[in-house]
Each structure stands twice: as structure tokens, then as C-alpha cells.
Amino acid sequence: MKTYLLSSLAALALLAGTASAAELKFKPGADEKFNWKSYEEFSKAHQMKGQVLTIFGPWRGEDQALFETVLEYFRQATGIDVKYSSSENYEQQIVIDTQAGSPPNVAILAQPGLIGDLAAKGALTPLGEENRDWLKQNFAAGQSWVDLATFKGKDGKPLIYGMPYKIDIKSLIWYVPENFEDAGYKVPKSMEELKALTEKIAADGGVPWCIGLGSGGATGWPATDWIEDLMLRLYPADVYDKWVSNEIKFNDPKVLAAIDEYGWFSRNPKFVDGGTAGVASTDFRDSPKGLFTSPPKCYLHHQASFVPSFFPEGTKVGQDVDFFPTPNYASKPEIGNPVAGAGTLAMITKDSPAARAFIDFLKTPIAHEVWMAQSSFLTAYKAANQDVYPNAPVKKQGDILMKATTFRFDGSDLMPGKIGAGAFWTAMVDYAGGKSAQDVTKNIQQAWDALK
């Protein structure tokens, strides 16, 4: 191994020419956890000095700085001059650029609905069956990612247009280990155990949950994440797919059951901090704070992987607070192990050899490992070494992705904007206020029918 690494380092230095190795975040060959072989092989096959590649994506600030560390490996491996840009309103900007005939070579987007619109207008280049097969074989829950990356083109034919890169998990429940230890509670392994724990905490005189739906003009969205998690655990994935496309109506009994299951947790005043009235009035950024009071105002909080940003300053994930995946129903083993989340897809919006090379680069473990080893990056790519994650909590989230049998994108993001980012949010606020699942879903369905 040592001999290989030394020869690999020499080859990479030669390929990089006079570029300073110090510009690379992790020196090639210096740490055996990284798959430097993938980098060397990619470099040998993609010598393209003098070509230019433009990439437009969602990352700004700290995330852009992290992405640039990855791009530097691509630059030095290929000799390609890469220019990355973003915009505060990048979703609107990519539409403007494609309509004006001046798109970037590669667009990286997080909105499947927008990607579908671009594909239908002929603004995207299909990636080919070989990438479909590669994705299915190399990503955990591979078929889920193939489905997510497949859209109908201008001719109505479904083809693969995107390469997944950077994933977020939404199916998480947060708790304070010290609070659990003091009370003698154990992390539940099933939904049945989670419900039993909820009842136990209330019977002991505590409050099980903190739930907050407040988010300014987006108030209501945290409840949609609950519903999506429950839909994936109550029914097979194809039911979820039909729901988000409205093939199954919003007021279908299956959807009503999922909303009422969420109501079991959120509409019992003994189960929620602040009672049922507090659910809609509490801001989602403030709702997890109850975990950290003494005595705790609550013991459990359902939220995505980004929520530590709103924990008290200095809180250490894995020590002061921890998480477990939203559990599955023991009574429904046929469902498998679903995970709900979000993520970005890289697509070719202006075809070129350099653009194709970048898609190939995203298929190398090193393209994932460089960001994995820093922060704010999860992947379902099986060849990427999980040991490069910077700490145990992030590795634990990565493990949740790797063990998933099904991955589904945030359902409200897959729905038309007026539904997923409108009627659905409003309905969840109404539901928190006491309206029935039947009444609020009738209103959502009427809004969806009005779009047709």
C-alpha cells in the first residue's frame, strides 16, 4: 500500500504540473482513508487542459467555500478552467439563463419540480443509460436515486438527467441523552415503541414533544415533514409517489390516516410543550430549545439534519444532544427501511466534453470524500469511505443513508408550488388549530384541482 501511495502521489504531482499541492485540502496520497486511486485513474483518463467549464449552483458562503475545495481537485486532475457561480435567486436565474440561450455547462439544483420543467423544455442533456445503470448499482437504495434523477424530456420520454451530489436527511428525531438516562428512558426501535415512550413520558408527568410550525410566510412546513415520514412508513413507496403526483388524492383515506397519526402526537395537549395551541404559534427555530432546559420542557423533537444550527451555542451533537432515525412500524416489515430527505442534482445544461468530465468526476469516491471529511455533506455513494466523515454523529447520519432501502425526496418539494409550498402548509396550520384531517385535505385537493 505504501509503495502504491508513493507512486500514486508522484503520478498526481506530474499530472498537476506546476500547480501547488498546497491548494488541495488533503494532500493526495497522504491519508489512506481517501480513495486516491480513483483520483489518479480519473486524472489519467481526463487530460483536458485549456478547456473551460462553467457551473451554476445553490451554494454560497461557507458551502461555496467547501465546494471550491472539491473543484480544486477537478481542476488539478484535468487542467480544466472551472468557473463556479451562484445567485441569491438561483432558481429564477437558471430559468432566465436557459431561456436566453446562455446557460452554464452544468447546473446544480435542489428542486426536482424545477428540474422537471427544464427537462420538459429541452434545456437539459440526457446523461445516458450507462449513468442510469451506474447509479442503480453504486448508490444505496439505487433505484430510488434513478427514479429521482429521471424526468420526461421535450418528447415526453423519461430519461436520466441528473447525478445526485450532497444529500440531507429529514427522518430524524432528536433527544438529550442525559435526560433519557435520568428518567430511565431508552431509544425506541419501532414506531410502536416511540408511541409507548410518548405515553410513558406523559404518564411520568413530563412532556414528550416539542413541535413548532412557525416560519414566517412558510409557517406549517415542519408538519409536512412529519406527514411525509409517516406516509413512507405506513405504505409502500409507490403510494408515496402517487400521493405527491396527486394520482392518489389528498383526501384519500390513506393520507387521512397519516395526518391523523401525526395528530396522535401533535394534538394531545399532554404530549406537546405549550399544548396544542403552542404547535402553530411556536417558531420552528425556537421549538428545539425545550430539550435543553432544566427540567426539560420536552424530551423529543422531530427535525432534519440542519436543526443543530438552532441549538444553544456550544451544544455538541453526540454528547449534549443526539438523534435516532424516525423508526419504522414493527407491524409493517414489508415497508423496509425508508428515509425522507432532500439533496442536489448536477445536470448538463450546455453540453461539452468538460461537462461530461465533471459528471464522471462525481462518480469518483474522491469527489465525495473531500467534502465528507469537512462538514455539511452526506452521500449514498457506496464506494465513498464512511470513515472520512469528520465525527461520529455525521458518520451516523451517513450510515442511515447507507442502510436505506428506499429514499424519497421531500414530498412537498415535489408537489406544485401552490400546493407543496402553499395549500399544504396552510392546511397543517388549520389542522393544528383543530380542523379535521378530512376538512383540511379537502381544501388542499380543491386547490390542486384548480391548477388543472
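Structure first, text after, so check above.
In this text, all values refer to a predicted model and were calculated from it rather than measured experimentally.

Peer 1: What am I meant to see in the pairing of strand S1 (residues 52-56) here?
Peer 2: Walk down a regular strand and you will see the side chains alternate between the two sheet faces. Looking at chain direction, S1 and strand S2 (residues 81-85) are connected through five bridges and run parallel. By the bridge assignment for S2, Val-52 is matched with Asp-81. Crossover handedness for the path S1 to helix H3 (residues 61-78) to S2: right-handed. Here S1 pairs with strand S3 (residues 106-109) via two bridges, running parallel. Of the residues in S3, the one forming a bridge with Phe-56 is Ala-107.

Peer 1: In this structure, what is going on with the pairing of strand S6 (residues 163-169)? I would like to understand it.
Peer 2: Of all seven residues making up S6, six are buried, and the element is well covered by its neighbours. Pairing of S6 with strand S10 (residues 338-348), which is carried by five bridges, proceeds in the antiparallel orientation. Paired with Ile-167 across the two strands is Gly-343, which belongs to S10.

Peer 1: Just checking my understanding: could you explain helix H12 (residues 253-266) for this structure?
Peer 2: Each full turn of the α-helix corresponds to 3.6 residues, which orients residues three or four apart in the same direction. Helix length check: H12, at 14 residues, gives a terminal C-alpha distance of 19 Å against a target of 20 Å (1.5 Å per residue), a fit within 8%. Listed as buried for H12 are Val-255, Leu-256, Ala-258, Ile-259, Glu-261, Tyr-262, Gly-263, Phe-265 and Ser-266. Buried-residue contacts for H12 involve helix H9 (191-203), helix H10 (221-234), helix H11 (237-244), helix H13 (275-281), helix H18 (417-432) and helix H19 (437-449). Near the N-terminus of H12, the side chain that reaches the backbone nitrogen of Lys-254, with its oxygen 2.8 Å away, is that of Asp-252.

Peer 1: Would you mind showing me how to read the nonpolar core here?
Peer 2: Nonpolar side chains in soluble globular proteins tend to be buried together. Formed by 90 residues in total, the largest nonpolar core has its most connected members in Leu-53, Ile-55, Phe-67, Phe-358 and Phe-361. If one sorts the elements of this core by residue count, H3 sits on top with seven residues. With residues up to four places along the chain from it excluded, the contact list for Ile-55 reads Phe-67, Leu-71, Val-82, Lys-83, Tyr-84, Ser-85, Pro-104, Val-106, Ile-108 and Phe-358. One finds Leu-232, Tyr-235, Val-239 and Leu-256 within the second-largest nonpolar core, a separate group that totals 51 residues.

Peer 1: Would you mind showing me how to read the pattern of salt bridges here?
Peer 2: Note that side chains of opposite charge can pair when their charged atoms are close. Scanning the entire structure with this criterion turns up 20 salt bridges. The partner of Arg-75 in a salt bridge is Glu-72, and the shortest N-O contact between them spans 3.2 Å. Pair noted here: Arg-75 and Glu-72 are both in helix H3, with a separation of three residues, about one helical turn. Comparing Arg-75 with Glu-72 shows no difference in burial state: the two are buried. Each member of the salt-bridge network shares a partner with another, and the members are Glu-68, Glu-72 and Arg-75.

Peer 1: Would you mind showing me how to read the sheet that holds strand S9 (residues 322-325) here?
Peer 2: To summarise the sheet geometry, strands pair through backbone hydrogen bonds and adopt either a parallel or an antiparallel arrangement. Read from one edge of the open sheet, three strands run S8-S7-S9, paired in antiparallel fashion. Looking at strand neighbours, the two that pair on one side only are strand S8 (301-302) and S9, the edges of this open sheet. Where strand S7 (residues 172-175) and S9 come together, four bridges link them in antiparallel fashion. Across the sheet, Trp-174 pairs through a bridge with Phe-323, a residue of S9. Here helix H16 (residues 392-402) sits on the sheet and contacts S7 and S9; the angle it forms with S9, its principal contact strand, is near 5°.

Peer 1: Can you walk me through the packing of helix H2 (residues 36-45) against H3 in this structure?
Peer 2: When two helices pack together, their arrangement is captured by the angle between the axes and the distance separating the axes. Two elements in contact, H2 and H3, have axes whose closest approach is 8 Å; the angle formed by their N-to-C orientations is 45°. Taken as axis vectors, H2 and H3 run oblique relative to one another. Like other packed secondary-structure pairs, H2 and H3 cross with a definite hand, here right-handed. Contacts between H2 and H3 involve Trp-36, Tyr-39, Phe-42 and Ser-43 from the former and Tyr-73, Phe-74, Gln-76, Ala-77 and Thr-78 from the latter. Looking at the contact of H2 with H3 residue by residue, the classes come out as six nonpolar, three polar and no charged.

Scoring rules and cut-offs
Residues numbered from 1 in each chain as written. Predicted model: local features only at pLDDT ≥ 70, side-chain atom pairs only at ≥ 80, totals over all residues. Heavy atoms only, no water. Pairing = 2+ DSSP bridges. Helix = DSSP H or I, 4+ residues; strand = E, 2+ residues; numbered from the N terminus. Right-handed = clockwise from strand over helix to strand, strands pointing away. Buried < 20%, exposed > 50% of the residue type's maximum accessible area, 1.4 Å probe, protein only. Expected span 1.5 Å × (residues − 1). Contact = heavy atoms within 4.5 Å. Polar contact = N/O pair within 3.5 Å; in protein donor to acceptor, adjacent residues only side chain to side chain. Core = buried A, V, L, I, M, F, W, Y, C linked by side-chain atoms within 4.5 Å. Salt bridge = Lys/Arg side-chain N within 4 Å of Asp/Glu carboxyl O. Axes fitted to C-alpha atoms, helices over the stretch in contact; angles between N-to-C directions. Parallel < 35°, antiparallel > 145°, perpendicular 65-115°, else oblique. Left-handed = near helix turned anticlockwise from the far one by under 90°. Nonpolar A, V, L, I, M, F, W, Y, C, P; charged D, E, K, R; others polar.

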